[in-house]
Amino acid sequence: MSAQRVPPEETPPAEGSTADAHQERPDGGLWEHPGVLLFLVAAGAVLFAGFFAARIVGW
């Protein structure tokens, strides 16, 4: 039994290769983008604090 010959410029197939097809995970939505959630919370806190600062100043 002889091994299958692979041209020198090609990589022979390997078991468990990362080149194998794989299923893509579905997007996790908001939980996969914590920066967006953090920005929304911080912006809300700034607006909330700004309301009280404006009341103290007299607006």
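Note: the structure precedes this text.
Description of the structure in this document. Owing to the predicted nature of the structure, the values given are computational and were not obtained by experimental measurement.

Turning our attention to the overall build of the protein. Secondary structure assignment for the protein yields one helix and zero strands. Counting all 59 residues of the protein, 0% fall into the buried class. When the accessible surface of the protein is summed, it comes to about 6100 Å², and 65% of that surface belongs to carbon and sulfur atoms.

Bringing helix H1 (residues 34–57) into the picture now. For H1, built from 24 residues, the straight-helix expectation of 34 Å at 1.5 Å per residue is met to within 8% by its first-to-last C-alpha distance of 34 Å. At the exit of H1 stands Gly 58, carrying a positive phi of roughly 115°.

The rules we used
Each residue is numbered by its place in its chain's sequence as written, counting from 1. Note on the predicted model: pLDDT of at least 70 is required for a residue's local features to be given, and 80 or more for side-chain atom pairs to be given and counted; whole-chain, interface and lining totals, by contrast, use all residues. As a rule here, side-chain values cover all heavy atoms of the structure and leave hydrogens and water aside. Helical segments are the DSSP runs of H or I of at least four residues, strand segments are the runs of E of at least two, and each set is numbered from the N terminus. Burial here depends on accessible area, computed with a 1.4 Å probe over protein chains only, as a share of the maximum for the residue type. Under 20% is buried, over 50% is exposed, and the range in between is partly exposed. In this description, accessible areas are obtained by the Shrake-Rupley approach with a 1.4 Å probe, and a residue is regarded as covered only by the protein chains that are shown. A helix is expected to span 1.5 Å multiplied by its residue count minus one.

Without other data, these values stay purely geometric and don't point to any function.
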